[in-house]
Amino acid sequence: EPLLATAMALCSDAELDDQGEAIGEPTECALVAYANKCGLPKPVLKDEQPRIGELPFDSDRKLMTTVHRTEEGILQYTKGAPDCLLARCSVYFDGTKEVPMTDALRQQILGANKALADKALRVLAAAYRRHAQEPAPGDYTSENLEQSLVFCGLTGMIDPVRPEVKDAIIECREAGITPIMITGDHIDTAVAIAKELTILEDGNEAISGSQLDTMSDEEFSRRFMNIRVYARVQPEHKTRIVNAWRNAGYITAMTGDGVNDAPSIKAADIGVGMGITGTDVTKNVADMVLADDN
C-alpha cells in the first residue's frame, strides 16, 4: 500500500544513504526500508513532500506527527501505537476511498493488531490528515493536530530475539537471578517474546503499565513477585518496580540505555548502562557500564 509506506517513511527521522541502506533508530529504519522496497525511496519522497513542521514522538502520547507541503496542499502524517492512534481517527481509508470510522471497523483493526502482536511483531499504525492551510507555529500541539485523523494501516515488524539472549536468561537463573522484562511494546508482543525466552512461565503474570497504575502499593506489594513481564511502561513505572523488589529485601540490578531509564537505574542496587547504545545521562548514573551491549 503506497500511502501507508509513504506515511511511515516520511513520519520518521531515519534516512536512506547513497547505498540504499537505512540509517537511524532501528524501528524507523525498518519503515524507511519498507518504503524503499515498495519503490518509494525516502530522498524522492522528501523532494516531493518536504517537511514543514513536526510534533516529535513522546512516550506519553506514543505518537509522532510531521506536516508536509505537497502538490495537493498541506498533508499531515501521524504514526504510533495502534491503540493510541486509533482513538484519534474518525475516518478510515480502505485503499480507494475514505469512509466514516465505525465501532465494527475499530474492532477489526484492533483484531488485526492483536494477531500481529501475538506473532511477536512490533506493530505501528499510520494516519493522515489534510489541511486547508499551513498550520501556524502555535498550532503545533497534539490537541490541534492529532485528532480527526484518517486511519490508513498497520505495519508489523519483527525485532528478532538475538540468539544469545536465551542462554543469558538460563545463565541468570542458574546464578539465582530472577529475570524480569520491562518494555514499551504492546503486551501481546511482550508475552510472545517472554514465553519464547522462558522469562514468562506457567503461573507467572504479565501486566501493562496502565494496569500497574490502578494497583495500590499494598496490592502491588502482594503481587509483584509473580509478575515477570511489564508492557507499555512509563519511566516512573520502572522505578516503582525496582523499589518493590528492594523494599522486599532483594538486591536489584536494572539495565537500560535511554534517558528515561536513568531514574530506575539510579534507584537499583546495581545500575547497568549500555556502553554502545547508552546515552550519557544513563552512563553517568550507572554503577556499571557494559562495554559490549551484546
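Figured I'd write up the structure that's included with this text. This structure is a prediction, so every number in the text was calculated from the model and none was measured. (Residues numbered from 1 in each chain as written. Predicted model: local features only at pLDDT ≥ 70, side-chain atom pairs only at ≥ 80, totals over all residues. Heavy atoms only, no water.)

A word on unusual backbone geometry. Even without being a glycine, Ser148 presents a positive backbone phi close to 55 degrees. Structurally, Ser148 is set in the loop between helix H6 (142–145) and strand S9 (149–158). Here Thr198, not a glycine, exhibits a phi torsion of approximately 65 degrees, which is positive. Inspection of the secondary structure assignment puts Thr198 in the loop between helix H8 (187–196) and strand S11 (205–208). Taking relative accessible area as the criterion, Thr198 reaches 25% and is therefore assigned partly exposed. (Helix = DSSP H or I, 4+ residues; strand = E, 2+ residues; numbered from the N terminus. Buried < 20%, exposed > 50% of the residue type's maximum accessible area, 1.4 Å probe, protein only.)

What follows is about the nonpolar core. One finds Met8, Tyr77, Ala126, Tyr128 and Cys152 to be the most contacted residues of the largest nonpolar core, which totals 21 residues. Listed by contribution, the elements that provide at least two residues to this core are helix H1 (2–10), helix H2 (26–37), strand S5 (73–80), strand S8 (121–131) and S9. Examining the composition of this core, we find that 6 residues originate from one element, H1, more than from any other. Those residues in contact with Cys152 that sit more than four places away from it in its chain are Leu3, Leu4, Phe93, Ala126, Ala127 and Tyr128. Of all hydrophobic cores here, the second largest spans 15 residues; its members include Cys89, Tyr92, Ala125 and Phe151. (Core = buried A, V, L, I, M, F, W, Y, C linked by side-chain atoms within 4.5 Å. Contact = heavy atoms within 4.5 Å.)

As a further point, take the sheet that holds strand S14 (residues 270–274). Here 3 strands make up an open sheet; going across it, the order is S13-S14-S15 and the pairing parallel. Looking at strand neighbours, the two that pair on one side only are strand S13 (253–256) and strand S15 (288–290), the edges of this open sheet. When the angles between neighbouring strand axes are averaged without regard to direction, this sheet yields 25 degrees. In the sheet, S13 pairs with S14 via 4 bridges, with the strands oriented parallel. (Pairing = 2+ DSSP bridges. Axes fitted to C-alpha atoms, helices over the stretch in contact; angles between N-to-C directions.)

None of this, on its own, says anything about what the molecule does.
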